[in-house]
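Structure assessment
Spelled out from the first residue to the last, the chains are:
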Amino acid sequence: MTDAIQPSPTSYAGRPTGDMRIEVTDLSKRYGGRQVLSGVNLTVVPGETVALIGPSGGGKSTLLRCLNGLNSFDGGSIRVGPHRLTAAESRRPTAAVARVRRLLGMIFQDFQLFPHQTALGNVIEAPMTVLGRGRAESEKRGMALLTRVGLAGHADAYPNQLSGGQKQRVAIARALAMEPRALLCDEITSALDPELKGEVLDVLVDLKRDGLTLLLVTHEIGFARKAADRVIVLADGGIVEEGPPEEIIDRPRTERTKHFLSRVLG
Amino acid sequence: MRRWRSCRGMMFFAAVLWAAAVGNGRADAPPLLWAADESGGAPYVFQDPDNADRVVGFEVDLKDALEGELGRPIRFKHYDFKNLIPGLQRGDFDFAMNGLEVLPEYQKEVLFSRPYYVYELQLAVRKGERRFKTIEELKDLRLPVATLSGSAAERLLMGRGVNPPLLHSYDDQTGMYIDLANGNVDAVYIDLPVHIYYLPKYPGLELTGQPGEKGYYAVAFRKADGALCEQFNGALGRLIDGDKLRPIYQKWGVWNDDQMELAAPELGASTVGLLASPLGQGPLLAAPALLPRTEHDLTPAAHTESAVPVWKYLGYLLGGAGVTVALSVLGMALAVALGMPIALMRLYGPAPIRWLAIAYVEVFRGIPVLLLLFFLYFVFGSPYHIDAFTTAVVGLGLNYAAYEAEIYRAAIGAVPAGQWEAAASLGMSRALTFRRIILPQALRIILPPMTSDFVALFKDTSVVSVIAVAELTKRYQTAAQSSLDYVGIGLMTAALYLVMSVPLGFLSRWLEQRWGKGVM
């Protein structure tokens, strides 16, 4: 429809290499009559792994979707590296949305692989059509990414021939193919059988080790404790408390967090 | 039959000689276009059972005689009988001569020549019918009666209070007699020449009562073509005065003493005002006796008693199949080309554009194709002289675009919103997402209903015969009228439709498998 959300021509070659921190300033969002986010402030530094936890409806997914330009917001701003996105810019598919989105990959709870394309086809789609890269180069890089998530042998499989865990790993490879500076993961193991969650979480640990910034909405408290550098509890549209996982998970200070953890951990 | 063959041979020879004469002497005279409906049936104008490419009948012979008198070649043009008057006014041909009755309603619209035939209406019944002999008795008994739609007989029956459901109006002549023979109706009321031709073929049927209301057949012209009409009046006058119509009518078994009336001075000039009083009110000039069967049981009837092999019509029907395929493919191409933008307008357009798309779908889905074709051809296309085939393609395309738009809208809407979001998160624009991600998935959903639509359109092409496009079904009617082998021709036509539509189903399933990889 519009070329506005195509990344700027300088997006790759001239890509900023400086401080790629994510800054959320006073972000607020109403949805219908409800205040989903009310003045959220958040900074994620490069290489950091941040787990967003909290009760359902607390605004965790909305925060991620705002960061990726899938939801607009009503107040505040988002900055990723040198690119800033204001509330006004978030409402339409503007160049600002595209620039921010370009630096952030997004993984969905329900995978959303393209069913008419093979695993490799899913991975090379955006590099070829958005970045205009050649097929040979895209496939070479795509195969490397599939190898990295342990699916080199499934490159020609269609999504309906893959298990849930495999699908989610293809989705991660697909997001990585656009070379994002951070991955936004929206409850990416929630739709998986318990025995399949591990293979996806292992991939995340591997990416963290490589220094990729991760912002995870998760209900896997165990994983958060093990892998996160910082845990943020989001409830009723605001940050309740944040800190190192052992502090938040093992010694929560607020009643809200205690109540939430007692229900999740049983 | 042998007599007929030799007779036909001589006719052919004469026709060749005559054609040579015309070719030499009158090459510069522009041909006149004469319209008639050969699927209407014998003995007026019908397809030659021995040669599907030509027409025969007493009006064809009359046409030949008129050519000689006028010194101008006349070319035949097929036209749907019910639309002869609007077609004449539209300028699709120069004159209509096809058993058109001189009726006051027609006289308002067109100019009639002096009459070339005096017809009477009569009842035909199953042999042994004792219950009635007249229309009045038939009406009192509340028995069903058949006639041709748009005929003077139909008007007269309705004028006397015989209405549907007792009144059965047919588009073709054979249907009436078959239904009478089978007991679906109890009488056929129609012009005597029709009875004379068809009754010998149905041994269980006979005429009853007396020939009734009398009327005239005349040649119809546009009101503005008075000079041409006068030329025809002169030519007809010379044929009548020279007693040259008699051999033609006798050859087809439709001569009777009523025709002597054609020479009457009051019919000489023109028929304008001839039938100022409603049909049938004036007393008959003479009360002709019931025409004895033997007098009419002549050669034209005899030749059809021997079955004409069905395969003789194959080439003719194949030509119709070609027209049907061309109509379907072009019509569907237009429907798809229009349907997708309309679906997109409805899905993603701003409010006024969306309403426009909704209005299009509701209007064109709600109007019968038949009506749409009439409107396009006789109202909208008339001033521009858009030809019938183009009109047919446009009409079918406009109609089916509404159906396609709805299918596409539903299919595009059925692709989960998450697919749009996943593509957006990868930096794909809306247009790119639609083309690369949404459309390929929607196509798989679209394909089966679209194939059904194509097969439906394929069969719906039969309606375009109303604007005189001779596609397969129309050719079936014509060939069946000509051969009277409804079953044989019907089976062959059905086989042609199947040969064309069944592979479509296979193609669709193959495409579904091909495109459906990973989705099912």
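Residues numbered from 1 in each chain as written. Chains lettered and ligands numbered in written order. Predicted model: local features only at pLDDT ≥ 70, side-chain atom pairs only at ≥ 80, totals over all residues.

**Details of the overall build of chain A**
What chain A contains, in helices and strands, is 10 helices and 10 strands. A total of 266 residues make up chain A; the buried ones form 48% of that total. In chain A, the share of contacts with a sequence separation of at least 24, taken over all contacts with a separation of at least 6, comes to 64%. (Helix = DSSP H or I, 4+ residues; strand = E, 2+ residues; numbered from the N terminus. Buried ≥ 20, exposed ≤ 12 C-beta atoms within 10 Å, placed from the backbone. Contact = placed C-beta atoms within 7 Å.)

**Quick word on the overall build of chain B**
For chain B, the count of helices and strands is 20 helices and 13 strands. In chain B, which comprises 520 residues, the share counted as buried stands at 43%. Restricting the contact set of chain B to residue pairs at least 6 apart, pairs at least 24 apart contribute 77%.

**A few points about the confidence of the model for chain B**
Residue and element names in this part refer to chain B. When pLDDT is averaged across chain B, the result is 82; 85% of the residues are at 70 or more. Summarising per-element confidence for chain B, the mean pLDDT is lowest in helix α11 (residues 293-296) (36) and highest in helix α17 (residues 417-425) (95). For the stretch residues 1-27, pLDDT sits under 50, and the model shows 12 contacts to residues farther than four places along the chain or on other chains. Within the model, pLDDT remains below 50 along residues 270-306, and this stretch shows 60 contacts once partners closer than five positions in the same chain are excluded. Reported confidences for the modelled complex are a pTM of 0.70 and an ipTM of 0.90. (pLDDT = per-residue confidence, 0-100.)

**Re the interface of chain B and chain A**
In this complex, chain B contributes 20 residues to the contact, which on the side of chain A involves 26 residues. Among the elements of the structure, α17 and α18 (430-460) of chain B are those that each provide at least two residues to the side of chain B that touches chain A. The leading source of residues in the side of chain B that touches chain A is α18 of chain B, at 7 residues. For the side of chain B that touches chain A, the class distribution of residues is 9 nonpolar, 7 polar and 4 charged. (Nonpolar A, V, L, I, M, F, W, Y, C, P; charged D, E, K, R; others polar.)

**Quick notes on the environment of T147 of chain B**
All names here are of chain B. One can find T147 in strand β8 (residues 145-148). In this structure T147 comes out as buried when scored by C-beta crowding, with 27 C-beta atoms within 10 Å. For T147 and V188, which are 41 residues apart along the polypeptide, the C-alpha to C-alpha distance reads 5.8 Å. What T147 contacts, discounting residues up to four positions off in sequence, is A153, E154, L157, S169, V188, Y189 and I190.

**Re the packing of helix α13 (residues 314-348) of chain B against helix α20 (residues 486-515) of chain B**
All names here are of chain B. Packing of α13 against α20 leaves a shortest axis separation of 11 Å and a crossing angle of 40°. Classified by the angle between their axes, α13 and α20 sit oblique to one another. The way α13 lies across α20 gives a crossing that is right-handed. Facing L314, L317, A321 and V325 of α13, the residues of α20 in contact are M492, T493, L496 and M500. By residue class, the composition of the contact of α13 with α20 is 7 nonpolar, 1 polar and no charged. (Axes fitted to C-alpha atoms, helices over the stretch in contact; angles between N-to-C directions. Parallel < 35°, antiparallel > 145°, perpendicular 65-115°, else oblique. Left-handed = near helix turned anticlockwise from the far one by under 90°.)

**Regarding the sheet that holds strand β13 (residues 220-221) of chain B**
Residues and elements named next belong to chain B. Across the sheet, 5 strands lie side by side as β4-β1-β5-β13-β6; this open sheet has mixed pairing. The outermost strands of the open sheet, each flanked by one partner alone, are β4 (74-78) and β6 (111-112). Here 2 bridges tie strand β1 (residues 32-36) to strand β5 (residues 95-96), and the two strands are oriented parallel to one another. Looking at the pairing, W34 lines up with F95 of β5. (Pairing = 2+ DSSP bridges.)

**Quick word on the nonpolar core**
Across soluble globular proteins, nonpolar side chains show a tendency to be buried alongside one another. With 129 residues, the main nonpolar core has L52 of chain A together with L373 of chain B as its most contacted residues. No other element matches the 15 residues that helix α16 (residues 388-414) of chain B contributes to this core. Those residues in contact with L52 of chain A that sit more than four places away from it in its chain are K60, L63, L215, L216, V217, I232 and L234 of chain A. (Core = buried A, V, L, I, M, F, W, Y, C linked by C-beta atoms within 7 Å.)

**Overview of the pairing of strand β4 (residues 75-80) of chain A**
Residues and elements named next belong to chain A. Bridge analysis of strand β1 (residues 22-31) against β4 gives 5 bridges, and the strand direction is antiparallel. Across the sheet, residue E23 finds its bridge partner in β4, namely R79. Where β4 and strand β5 (residues 83-86) come together, 4 bridges link them in antiparallel fashion. Considered in β5, the bridge of V80 is made with H83. Where β4 folds back onto β5 in an antiparallel hairpin, the turn is made up of 2 residues, including G81, whose phi is positive at roughly 55°.

**Considerations on the packing of α13 of chain B against α16 of chain B**
Residues and elements named next belong to chain B. Remark: α13 packs on α16, axes separated minimally by 6 Å, with the N-to-C direction vectors making an angle of 45°. Of the possible angle classes, the one that applies to α13 and α16 is oblique. The two elements α13 and α16 meet at a crossing, and its hand is right-handed. When grouped by side-chain class, the residues that make up the contact of α13 with α16 number 20 nonpolar, 4 polar and 3 charged.

**Side note on the environment of L228 of chain B**
All names here are of chain B. Mapped onto the elements, L228 comes out in helix α9 (residues 226-241). Taking the C-alpha atoms as reference points, L228 and F95, separated by 133 residues in sequence, lie 9.3 Å from one another. The residues touching L228, leaving out its near neighbours within four places in the chain, are D94 and F221.

**Observations concerning the confidence of the model for chain A**
In this model, chain A carries an average pLDDT of 89, and 93% of its residues clear a pLDDT of 70 or more. This stretch, residues 1-16 of chain A, has a pLDDT under 50; its non-local contacts, to residues over four places away or in other chains, come to 28 contacts.

**A short note on the pairing of strand β11 (residues 205-208) of chain B**
For a regular strand, side-chain orientation follows a simple rule: the groups alternate between the two sheet faces. All names here are of chain B. Burial along β11 is one-sided: L205 and L207 are buried, and none of E206 and T208, which face the opposite way, are. Inspection of the sheet shows strand β7 (residues 117-126) paired to β11 by 4 bridges, in the antiparallel sense. By the bridge assignment for β11, A124 is matched with L207.

**A few points about unusual backbone geometry**
The phi torsion of most residues other than glycine is negative, and most of the peptide bonds are trans. Residue and element names in this part refer to chain A. Non-glycine residue D26 carries a positive phi angle of around 50°. Here D26 lies in strand β1. The partly exposed category is assigned to D26, around which 13 C-beta atoms lie within 10 Å.

**Quick notes on the sheet that holds strand β2 (residues 34-44) of chain A**
All names here are of chain A. Across the sheet, 4 strands lie side by side as β2-β1-β4-β5; this open sheet has antiparallel pairing. Every other strand in the sheet has two partners, leaving β2 and β5 as the edge strands with one partner each. Averaged over all neighbouring strand pairs, the angle between strand axes comes to 20°, with direction disregarded. Relative to β2, β1 runs antiparallel, the two sharing 7 bridges. Bridging across to β2, I22 finds its partner in V44. Along the sheet face, helix α1 (residues 60-67) touches β1, β2 and β4 and points at about 65° away from the line of β2. Against the sheet, helix α3 (residues 95-103) touches β4 and β5, its axis set at about 125° to β5.

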